[in-house]
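# Overview (structure and organization)
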Amino acid sequence: MSTKRLLGVFAHPDDEGTMSGALLQYSALGVETGLVCATRGEVGEIADPALATPENLGQVREGEMRAAAEVLGVHNLWFLDYRDSGMAGTPENAHPHAFAQVQAAEAVGKLVAIIRQFRPQVLVTFDETGGYGHPDHIAIYRHTTSAFHAAADGVQYPELGPAHSVAKLYYTAFPRSAVQAMGEWMQSQEYEGSFSGLDPEKLGIPDELVSVWLNVEQWQTTKDRSWAMHRTQMDPNNFMAQLPPEVLRKWRSRECYQLAASRVGPDVPDENDLFAHI
Ligand SMILES: [Zn+2]
């Protein structure tokens, strides 16, 4: 096993797209990578009814997630076996197994067990907005942040193995400058789509809070290939699918991360390395 390990923790199959370039880049550098998926995205869209039914969507998306992980060179994949809570305000939110309803102590325990087993130095998850406010994204942000602290504390969950101190916790970030550029582009095109009602001023985080700007241009093709494995989610009417390839390419050629907690000191500007000081 490699001495360096990177763990991404997300809510649904396809959420890992937010850090797929990092997974490829660090894997190429010999870092062992892993992904946790809290749910199987059971209540997501079905782009093509030939691919899945609402009854078997979770099973189909698990297969898609495994295929995407394979493309990304991720050999460690865990499902927490919770149920997709659906978009905010939908009846799916109230399902007894919905991830957003789960007791924190239980979900954190599952994550602590994985962290103590895999022993990553770097942990990545969504920020407190969950990217765009999906209840499961916000839940995974909360539980992963708690697990970062709990895994290092031998008094908590002593039955789950020896304590492990993850060196750094990062949140995937949308820098406001990029969101604004996207907003300007949409305006110039008079784009009327699902994102047109959102206020670019309220999306993303101020650029100065981004601690790692990762240039993942060289991984574009592989990123796209892993993304395409989520076939049930490839709705041609989706906002991203409608963007011209050059706009999409620019958007995807860079990944941004916010350092949320560190046991090895702060990141230094222009270092742009999730494993700096490790
Ligand atoms: Zn998601």
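These lines cover the structure that appears in this document, whether it is placed above or below. (Residues numbered from 1 in each chain as written. Predicted model: local features only at pLDDT ≥ 70, side-chain atom pairs only at ≥ 80, totals over all residues. Heavy atoms only, no water.)

### Some remarks on the packing of aromatic side chains
Centre-to-centre distance and the angle between the planes together describe a pair of aromatic rings. Applicable threshold: Within 6.5 Å between ring centres, the rings of Phe, Tyr and Trp (the latter by its six-membered ring) count as paired, and their orientation is classed by plane angle as stacked under 30 degrees, edge-to-face over 60, tilted in between. A helix here means a DSSP run of H or I that spans at least four residues, while a strand means a run of E at least two residues long, and both kinds are numbered starting from the N terminus. Here's how the labels work: a residue is buried when its accessible area is under 20% of the maximum for its type, exposed when over 50%, partly exposed in between, all with a 1.4 Å probe on protein chains only.
Tallied over the entire structure, the rule returns seven aromatic pairs. Judged by centre distance (5.1 Å) and plane angle (75 degrees), the ring pair of Phe10 and Phe126 falls under edge-to-face. Of this pair, Phe10 sits in strand E1 (residues 5-10) while Phe126 sits in the loop between strand E4 (122-125) and helix H4 (135-151), placing them 116 residues apart in sequence. Given the relative accessible area of 6%, Phe126 is considered buried. Look at Tyr170 and Tyr257: their rings are 6.4 Å apart centre to centre, the planes differ by 80 degrees, and that puts the pair in the edge-to-face class.

### With respect to the coordination of the zinc ion
The expected angle between donors at a tetrahedral four-coordinate metal is 109.5 degrees. At an octahedral six-coordinate metal it is 90 or 180 degrees. Using the following cut-off: Only N, O and S atoms count as donors, using a 2.8 Å limit from the metal and a wider 3.2 Å limit for Na, K and Ca, and since water is excluded some coordination spheres may look unfilled. Square planar and octahedral sites, with four and six donors, are those where opposite donors lie more than 155 degrees apart and all other angles lie between 65 and 115, tetrahedral sites have four donors with every angle between 85 and 135 degrees, and the rest are irregular.
Taken together, His12 (ND1), Asp15 (OD), Asp15 (OD) and His137 (NE2) make up the protein donors of the zinc ion, found 2.0 to 2.7 Å from the metal. Here the zinc ion binds four donor atoms, and the angle range of 52 to 128 degrees at the metal identifies the geometry as irregular. Read in sequence order, the donor residues for the zinc ion give the motif H-x2-D-x121-H. Residue His12 is located in the loop between E1 and helix H1 (20-28), and its partner His137 is located in helix H4; the two are separated by 125 residues in the primary sequence. There is no split in this pair, since His12 and His137 are both buried.

### Observations regarding the environment of Thr3
Summarising the element assignment, Thr3 is placed in the segment before E1. Owing to a relative accessible area of 64%, Thr3 belongs among the exposed residues under this scheme. Linking Thr3 and Gly89, residues 86 residues apart in sequence, is a C-alpha distance of 43 Å.

### Brief notes about the pairing of E1
Our working definition: Strands are treated as partners if at least two bridges between them are detected by DSSP.
Judged by how many residues are buried, E1 sits mostly within the fold: six of six residues are covered. Burial along E1 is two-sided: Arg5, Leu7 and Val9 facing one way and Leu6, Gly8 and Phe10 facing the other are all buried. When E1 meets strand E2 (residues 32-39), the two strands line up parallel, connected through six bridges. Opposite Arg5, over in E2, you have Glu32 as the bridge partner.

### Things to note about the pattern of salt bridges
The condition is simple: What makes a salt bridge here is a side-chain nitrogen of Lys or Arg within 4 Å of a carboxyl oxygen of Asp or Glu, nothing more.
Summed over the entire model, instances satisfying the criterion amount to eight salt bridges. Here Lys223 ties to Glu255 by a salt bridge, and the two come within 2.6 Å at their closest N and O atoms. With Lys223 in helix H6 (residues 220-227) and Glu255 in strand E7 (residues 254-262), this pair connects stretches of sequence that are 32 residues apart. Take Lys223 and Glu255: they sit in the same class, and that class is buried. When salt bridges that share partners are traced, they join Arg40, Glu62, Arg66 and Asp81 into one network.

### Some words on the side chain of Thr145
How we decide: Whenever two N or O atoms come within 3.5 Å, that pair is a polar contact, provided that in protein one can donate a hydrogen and the other can accept it, and provided that, for residues adjacent in sequence, both atoms are side-chain atoms. Only heavy atoms enter the contact rule, under which two residues are in contact if any of them lie within 4.5 Å.
Mapped onto the elements of the fold, Thr145 is located in helix H4. In this structure the side chain of Thr145 is engaged in a polar contact, spanning 2.7 Å, whose partner is the backbone oxygen of Tyr141. At a separation of 2.8 Å, a polar atom in the side chain of Thr145 contacts the side chain of Tyr171. Ignoring sequence-local partners within four residues, the contact set of Thr145 consists of Leu169 and Tyr171.

### Some thoughts on the nonpolar core
We count it as follows: Residues grouped as a nonpolar core are buried Ala, Val, Leu, Ile, Met, Phe, Trp, Tyr and Cys residues, joined through side-chain atoms within 4.5 Å.
Residues Leu6, Leu7, Tyr257 and Leu274 are the most contacted members of the largest nonpolar core, which totals 57 residues. Setting aside its immediate chain neighbours within four residues, Leu274 contacts Leu6, Ala22, Tyr26, Val122, Lys168, Tyr170, Val212 and Tyr257. Met182, Met186, Leu243 and Val247 belong to the second largest nonpolar core, which has seven residues in total.

### Some thoughts on the sheet that holds strand E3 (residues 76-82)
The condition that has to hold: Where helices are involved, their axes are fitted lines through C-alpha atoms of the stretch in contact, as for all axes, and angles between N-to-C directions lie from 0 to 180°.
Spatially, the seven strands line up as an open sheet ordered E3-E2-E1-E4-E5-E7-E6, and their pairing is mixed. If you trace the sheet from one side to the other, it starts and ends with E3 and strand E6 (212-215), each paired once. Across the sheet, the axes of successive neighbouring strands diverge by a mean angle of 25 degrees, strand direction being ignored. Two elements, E2 and E3, share five bridges in a ladder whose sense is parallel. By the bridge assignment for E3, Leu35 is matched with Leu77. Against the sheet, H4 touches E1, E2, E4, strand E5 (168-173) and E7, its axis set at about 165 degrees to E5.

This is a description of form; function is not addressed.
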